[in-house]
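Geometric and topological summary
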Amino acid sequence: MIEFERVNKWYGDYHALVDIDLAVARGEVVVVCGPSGSGKSTLIRTINRLEEIRSGRIVVDGQDAHAADLDVDRFRAGIGFVFQQFNLFPHLTVLENCVLAPIHLKRATPSEAEAQALRLLERVGLAEKAHAHPAQLSGGQQQRVAIARALVMKPPLMLFDEPTSALDPEMVGEVLLVMRDLARDGMTMVCVTHEMGFAREVADRVVFMDQGRILEIAPPEKFFGQPEHPRLRKFLSDIRSPFGRQD
């Protein structure tokens, strides 16, 4: 589904991504973690071209994501992206937020888009909030709406950029449960997160980054149980599980 081939990204003199090689299979859940400033959010944002790359190649579902002639809007319509800050339109209701893209980008009829949106709001436990505005929702509810809004486009790929980092601790679990259910349904997912309990439980593989480089990739059992790189061992020893456990 996704393939990075020696990808490099610079911000001025700062080398943000260094020779990134990574492949994500269809139906795989990959969690990307690392210290702040390691390049993980930059990496995920290059997948749907929110960030441009200097060199290398990123292929997403058979398309060169950074080709000069790429129809970027059409390309992004096939990738769900959930941000830290929800990015809901405050003047629109929950339902209106969810139907906007399928109506305008996929030419769905309003009735088709509303029916699909209501099914997905039911799935994330928020059907009763369809006519509320974002300001009337908790942070966790807003993030679940953002997930439903992404899913209504029926993307084959979902990207999550630290989706729980802006949430109060008691709201984190409700968002992670929705993401876990998506993973169990076979959705291809790349998730940047500090939630190590989620990575251990849900990921097929965990990627560790530091200073713009991928230092280790392993299944959760090996990643947490037998980390090889010294920097990863130190990282794991320094963090405390947000779930209050590491088992």
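Notes on the structure follow. Just so we're clear, the structure is a prediction, and the values are computed from it rather than from any experiment.

Examining the overall build of the protein chain
Summing up its helical and strand segments, the protein chain has nine helices and 10 strands in all. Over its C-alpha trace the protein chain gives a radius of gyration of 18 Å, about what one expects of a compact globule, namely 18 Å for 247 residues. Here the C-alpha coordinates of the protein chain stretch approximately 55 × 45 × 30 Å along the principal axes. When burial is assessed residue by residue, the protein chain has 53% of its 247 residues classed as buried. Within the protein chain, contacts between residues at least 6 apart in sequence are counted, and of these 66% link residues at least 24 apart. Per element, the accessible surface of the protein chain, about 11,600 Å² overall, is 48% carbon and sulfur.

Examining the layout of surface pockets
The volume enclosed by the largest pocket comes to roughly 600 Å³. For the lining of the largest pocket, the secondary-structure elements that each account for two or more residues are α2 (72-77), β6 (79-82), α3 (94-105) and α5 (139-151). Examining the composition of the lining of the largest pocket, we find that four residues originate from one element, α3, more than from any other.

Quick word on the sheet that holds β6
Strand pairing in a sheet relies on backbone hydrogen bonds. The paired strands run either parallel or antiparallel. Here we have six strands laid out as an open sheet, ordered β6-β7-β8-β3-β9-β10, and mixed in their pairing. In the strand order of this sheet, the two ends are held by β6 and β10 (213-218), each with one partner. On average, each strand axis in the sheet is tilted by 15 degrees relative to the strand beside it, whichever way the strands run. Strand direction decides the pairing type here: strand β9 (residues 205-210) and β10, joined by five bridges, are antiparallel. What sits directly across from D210, in β10, is R213. α5 contacts β6 and β7 (157-161) of the sheet and is inclined by roughly 170 degrees relative to β6. The strands touched by helix α9 (residues 230-238) are β3 (29-33), β9 and β10; relative to β9, the strand with the most contacts, the crossing angle is about 100 degrees.

Comments concerning the packing of aromatic side chains
Taken as a whole and assessed by the stated rule, the structure comprises three aromatic pairs. Their ring planes at 35 degrees and their centres at 4.4 Å tell us that F81 and F83 sit as a pair that is tilted. Judged by its relative accessible area of 10%, F81 is buried. Relative accessible area serves as the criterion here: at 23%, F83 is assigned to the partly exposed category. Between the aromatic rings of F208 and F235, the centroid separation amounts to 5.1 Å while the plane-to-plane angle is 50 degrees, which identifies the pairing as tilted.

Considerations on the sheet that holds strand β4 (residues 55-60)
The antiparallel open sheet is built from four strands, whose spatial order is β2-β1-β4-β5. The open sheet has two free edges, formed respectively by β2 (14-24) and β5 (63-64), since each of these has just one partner strand. Where β4 lies against β5, two bridges are found, and the strand directions are antiparallel. Looking across to β5, one finds that V60 is bridged to Q63. Its contacts with the sheet put helix α1 (residues 40-47) on β1 (2-11), β2 and β4, and the angle it makes with β1 is roughly 120 degrees.

Focus on the packing of α5 against helix α6 (residues 169-184)
Packed helix pairs are characterised by how far apart their axes lie and by the angle those axes make with each other. One way to put it is that α5 packs onto α6 with a least axis distance of 8 Å and a crossing angle of 20 degrees. Judged by the angle between their axes, α5 and α6 are roughly parallel. The way α5 lies across α6 gives a crossing that is right-handed. Where α5 approaches α6, its residues G139, G140, Q141, Q143, R144, I147 and L151 are matched on the opposing element by M171, E174, V175, V178, M179 and L182. A class-by-class count of the residues in the contact of α5 with α6 yields seven nonpolar, four polar and two charged.

About the cut-offs
- Residues numbered from 1 in each chain as written.
- Predicted model: local features only at pLDDT ≥ 70, side-chain atom pairs only at ≥ 80, totals over all residues.
- Heavy atoms only, no water.
- Helix = DSSP H or I, 4+ residues; strand = E, 2+ residues; numbered from the N terminus.
- Rg over C-alpha atoms; globule rule 2.2 N^0.38 Å.
- Buried < 20%, exposed > 50% of the residue type's maximum accessible area, 1.4 Å probe, protein only.
- Contact = heavy atoms within 4.5 Å.
- Areas by Shrake-Rupley, 256 points an atom, 1.4 Å probe, with all protein chains shown as cover.
- 1 Å grid on protein atoms, 1.4 Å probe; cavity = no way out; pocket = protein on both sides within 12 Å on 5 of 7 lines; lining within 4 Å.
- Points joined across faces, edges and corners; volume = space filled by probe spheres on them.
- Pairing = 2+ DSSP bridges.
- Axes fitted to C-alpha atoms, helices over the stretch in contact; angles between N-to-C directions.
- Phe/Tyr/Trp six-rings, centres within 6.5 Å; stacked < 30°, edge-to-face > 60°.
- Parallel < 35°, antiparallel > 145°, perpendicular 65-115°, else oblique.
- Left-handed = near helix turned anticlockwise from the far one by under 90°.
- Nonpolar A, V, L, I, M, F, W, Y, C, P; charged D, E, K, R; others polar.

Read these as spatial facts, not as claims about activity.
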